[in-house]
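Below, each chain spelled out in residue letters.
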Amino acid sequence: MADSGSTPAKRMCSVPEKAKLHMAMLALQFGYAGFHVVSRAALNMGISKIVFPVYRNIIALALLIPFAYFLEKRPPMTASFLIQFFCLALVGITANQAFYLLGLENTSPTFASAIQNSVPAITFLMAALLRLEHVRLNRRDGIAKVVGTLSCVAGAMVITLYKGPTIFDPKPPPHLHNTKLFQSLGDAKGKNWTLGCIYLIGHCLSWSGWLVLQAPVLKKYPARLSVTSYQCFFGVLQFLAIAAFLERDSQAWLVHSGAELFSVFYAGVVASGIAFAVQIWCIDRGGPVFVAVYQPVQTLVVAIMASITLGEEFYLGGIIGAVLIIIGLYLVLWGKSEERKFAKETVANAIASSPNAEHPHGIINNRATSHVKSSTLAQPLLSSSTTDQNV
């Protein structure tokens, strides 16, 4: 009896880790996709674009603080660290989330998700301009990263400047057709599509800038949960300061329906809490490239969910741009993967040629090793520092 009772548990444990990783990544993409749709629904209901991120980050902060306090050892806090955390919050939370909501209000969940696929290329471009990333045009990986970056930029420009004809126009259920929540999203009637896309590009620039700026901070303060908690805290303070000038209506701070309450809790718990933990586990077990490859799946899931539940329309320009961005994403990922392989081979060859690692070969080994470490900087959505709090 005891043996038969333990059989289901053994079967669960016998599931291969690769299968668990794929299931976790699919669940993660569904969670992210739901956030895009829920956020747009919240905007349709009239929730304030300032109040929404305040409540979201308060919930995320409440979830993060216990884990950061009990699970991490933190370096001594200094005024310099506080200033750096404040600046990271300004770029990675306040500007990032504000641009996202402004862009989402004027476009659609699908294209907001599609443009986010350009973040790896934008980060690579920023790192290259700051000389934090080396561009080697004499190798395939260097050419792939440059071509991928150009493809992402071209895709973002197409989405922004060319809306094109409607190629798919689903209709919501008849009994929901005239309701405020389920109004058609894709056409964004009464909104400025080009301005919305510009806001979304600002969102991606903020996200990429946050990744580049956060890398050196985490080296000096290697407590990721604590750093994220400090950023959420300062993000809340910054949004409250903005609200003091722009959100004078006290009614905006009230939750008027269960749907609004659900949207806030979904953003804080699922998108900024559960998703963070799942992504960290997947990166640890499957590697950063494995996690990044699943990013375009989110766009596909968003398109299906938004079309079915909210009647989102699809435009030719948006689809062409999304395809260019996804192609660019994979080219950048492939280039980074090849660069890492080349660096590992260089280290292996250096060690093989000098097993004792004596000087001057030890210098070669150190240089090769440092190249491997530095090559991970320009990989947004590829490192554990990329959390969904920035969406």
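Conventions we followed
Residues numbered from 1 in each chain as written. Predicted model: local features only at pLDDT ≥ 70, side-chain atom pairs only at ≥ 80, totals over all residues. Heavy atoms only, no water. Phe/Tyr/Trp six-rings, centres within 6.5 Å; stacked < 30°, edge-to-face > 60°. Helix = DSSP H or I, 4+ residues; strand = E, 2+ residues; numbered from the N terminus. Buried < 20%, exposed > 50% of the residue type's maximum accessible area, 1.4 Å probe, protein only. Polar contact = N/O pair within 3.5 Å; in protein donor to acceptor, adjacent residues only side chain to side chain. Contact = heavy atoms within 4.5 Å. Core = buried A, V, L, I, M, F, W, Y, C linked by side-chain atoms within 4.5 Å.

K.L.:
Lay out the packing of aromatic side chains in plain terms, naming residues and giving numbers.
P.N.:
Counted under the stated rule, the structure contains 13 aromatic pairs. When the centroid spacing of 6.1 Å and the interplanar angle of 10° are considered together, the rings of Phe81 and Phe85 count as stacked. Here Phe81 pairs with Phe85, and both are found in helix α5 (residues 79-106), just 4 residues apart, close to one helical turn. Accessibility expressed as a relative area gives 11% for Phe81, which makes it buried. An angle of 50° between the planes, with centres 5.8 Å apart, marks the rings of Phe262 and Tyr266 as tilted. Here the residue Phe262 and the residue Tyr266 both occupy positions in helix α11 (residues 258-286), the gap between them amounting to 4 residues, near one helical turn. Three or more aromatic residues joined by ring pairs form one cluster here, namely Phe81, Phe85, Tyr221 and Tyr230.

K.L.:
Break down the side chain of Gln84 for me, citing the residues and quoting the values.
P.N.:
Topologically, Gln84 is positioned in helix α5. Engagement of the side chain of Gln84 in a polar contact is seen with the side chain of Lys220, the distance being 3.4 Å. Setting aside residues up to four positions removed in sequence, Gln84 forms contacts with Val217 and Lys220.

K.L.:
Report on the nonpolar core, specifying residues and quantitative values.
P.N.:
In terms of nonpolar packing, the biggest core is built from 43 residues, with Phe35, Phe52, Phe85, Tyr100, Ile115 and Tyr221 touching the most fellow members. Considering each element in turn, this core owes the most residues, 9 residues, to helix α9 (residues 193-220). Grouped together as the second largest cluster of nonpolar side chains are 11 residues, Ala24, Met25, Ile283 and Phe290 included.

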